[in-house]
Amino acid sequence: MSDRYARKARRGMAAVALAVGLVLVATGCGGEDKQKGDKPAASSRTPKASGGNAETQTQEPPEVLASLKGQRGLELSINVAERDTGGFLTIKGRLTNTSGSAAAIPAQTAGDETEVVKHGNSLGGATLVDSVGKKRYYVLRDTDGRPLTTTALPGLGPGRSTAVFMQFPAPPAGTTEVSFQLPTFEPGTIKLS
């Protein structure tokens, strides 16, 4: 009887983890296209040229919490490290190819755990180290071993980038700084809010 209860509990936890991951992916993918209420909506009319003084809109670059250099010109910029009420810490950023030639994402970034590696190229090998609390945090996984991180990473052409995310168990609230480590990349320090 207890074995059946344990299987039901594991399935329930997997469903919750999968739902949280899907919500994070949907939130991360759809949040940038929303217009702010104080900006006018785009019109379908072409504006008239006014003597060559056309304004160009520029987006403010996101804050970079850490920038990690990897092999073959790859660079990971971490822009967000946010805790949520569920006890998770989500890291978001951009993986960029700064070299002049195409670069494949190294297989080592998925780590060396069999359950994670069998799900393909990912950032499942990422870890956070809390040196004060003397703990290492690994990317969360569902019950099938799928990491809660960007998966199926494409190779990147010269100057190209792709958005990435990773989800970890949140360190204690008193922890304000962790070391972020990803295989084949130099480590970096991230300040937590």
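From a predicted model like this one, the values you see are computed outputs, not experimental measurements. Once a new chain begins, its residue numbering starts again from 1 and follows that chain's sequence as written. For this predicted model, a pLDDT threshold of at least 70 governs which residues receive local features, and a threshold of 80 or more governs which side-chain atom pairs are given and counted, while totals over whole chains, interfaces and linings are taken from all residues. To get the side-chain values, all heavy atoms of the structure are used, and hydrogens and water are removed first.

A short note on the overall build of the chain
Then, in step 1: Scanning the chain from terminus to terminus reveals two helices and eight strands.
Then, in step 2: Numbering of helices and strands runs from the N terminus; a helix is a DSSP stretch of H or I covering at least four residues, while a strand is a stretch of E covering at least two. Reading the chain from its N terminus to its C terminus gives the helix and strand order α-β-β-β-α-β-β-β-β-β.
Then, in step 3: Here the chain, with 193 residues, has 31% of them falling under the buried criterion.
Then, in step 4: Contacts are assigned to residue pairs that have any heavy atoms within 4.5 Å of one another. Restricting the contact set of the chain to residue pairs at least 6 apart, pairs at least 24 apart contribute 59%.
Then, in step 5: Here the open area of atoms and residues is found with the Shrake-Rupley method and a 1.4 Å probe, where only the protein chains shown may cover a residue. For the chain, the computed accessible surface area is about 12,500 Å², with 54% contributed by carbon and sulfur atoms. Three labels apply to residues, based on accessible area from a 1.4 Å probe with only protein chains included: buried if under 20% of the type maximum, exposed if over 50%, partly exposed otherwise in between.

Some points on the nonpolar core
Then, in step 1: L76, I78, I91, M166, F168, F180 and I190 are the most contacted members of the largest nonpolar core, which has 27 residues in total.
Then, in step 2: Those elements that place two or more of their residues in this core are strand 1 (66–69), strand 2 (74–83), strand 3 (88–97), strand 6 (161–169) and strand 7 (177–181).
Then, in step 3: In terms of residue count, the dominant contributor to this core is strand 2 (four residues). Working definition of a nonpolar core: buried Ala, Val, Leu, Ile, Met, Phe, Trp, Tyr and Cys residues. They are joined through side-chain atoms within 4.5 Å.

Overview of the sheet that holds strand 1
Then, in step 1: Note on pairing: two strands pair once DSSP finds at least 2 bridges between them. The sheet built from four strands is open, its strands ordered 1-2-3-6 with antiparallel pairing. For this open sheet the edge positions go to strand 1 and strand 6, each flanked by a neighbour on one side alone. Along the sheet, successive strands turn relative to each other by an average axial angle of 25°, direction set aside. For every element, the axis is a line fit to its C-alpha atoms; helices are fit only across the contacting stretch, and the angle between N-to-C directions ranges from 0 to 180 degrees.

Re the side chain of E75
Then, in step 1: Here E75 lies in strand 2.
Then, in step 2: Of note is the side chain of E75, whose polar atom sits 3.0 Å from the side chain of S67.
Then, in step 3: Polar contact criterion, stated in full: a pair of N or O atoms within 3.5 Å, where within protein one must be able to donate a hydrogen and the other to accept it, and residues adjacent in sequence count only if both atoms are side-chain atoms. Of note is the side chain of E75, whose polar atom sits 3.0 Å from the side chain of K69.
Then, in step 4: Discounting chain neighbours no more than four positions away, the residues touching E75 are S67, L68, K69, R94, L95, T96, T98 and F185.

Let's talk about the pattern of salt bridges
Then, in step 1: One speaks of a salt bridge when a side-chain nitrogen belonging to Lys or Arg is within 4 Å of a carboxyl oxygen belonging to Asp or Glu. Under the criterion given, the structure shown has six salt bridges.
Then, in step 2: In this structure, E75 engages K69 in a salt bridge whose closest nitrogen and oxygen atoms are separated by 3.0 Å.
Then, in step 3: Residue E75 is classed as buried on the basis of its relative accessible area of 18%.
Then, in step 4: Owing to a relative accessible area of 48%, K69 belongs among the partly exposed residues under this scheme.
Then, in step 5: The salt bridge involving E177 is made with K191; its shortest N-O contact spans 2.6 Å. Placement of the pair is E177 in strand 7 and K191 in strand 8 (residues 188–191), with a sequence separation of 14 residues.
Then, in step 6: Residue K191 is classed as exposed on the basis of its relative accessible area of 57%.
Then, in step 7: Overlapping salt bridges bring together D142, D144 and R146 as one network.

Here's the deal with the confidence of the model for the chain
Then, in step 1: What pLDDT reports is the predictor's confidence in each residue, on a scale of 0 through 100. Taken as a whole, the chain shows an average pLDDT of 78; of its residues, 68% reach a score of 70 or greater.
Then, in step 2: Here residues 30–56 is a poorly scored stretch, pLDDT under 50, and it has three contacts once near neighbours within four places are set aside; other chains count.

Structural notes on the sheet that holds strand 5 (residues 135–138)
Then, in step 1: Across the sheet, which stays open at both edges, the four strands sit in the order 5-4-7-8 with antiparallel pairing between neighbours. Both outer strands of the open sheet, strand 5 and strand 8, are each paired with one neighbouring strand and no more. Each adjacent strand pair in this sheet contributes to an overall mean axis angle of 30°, direction not counted.
Then, in step 2: Judged from the four bridges that link them, strand 4 (residues 127–130) and strand 5 form a sheet pairing that is antiparallel. From the neighbouring strand, D130 faces strand 5, where its bridge partner is K135.

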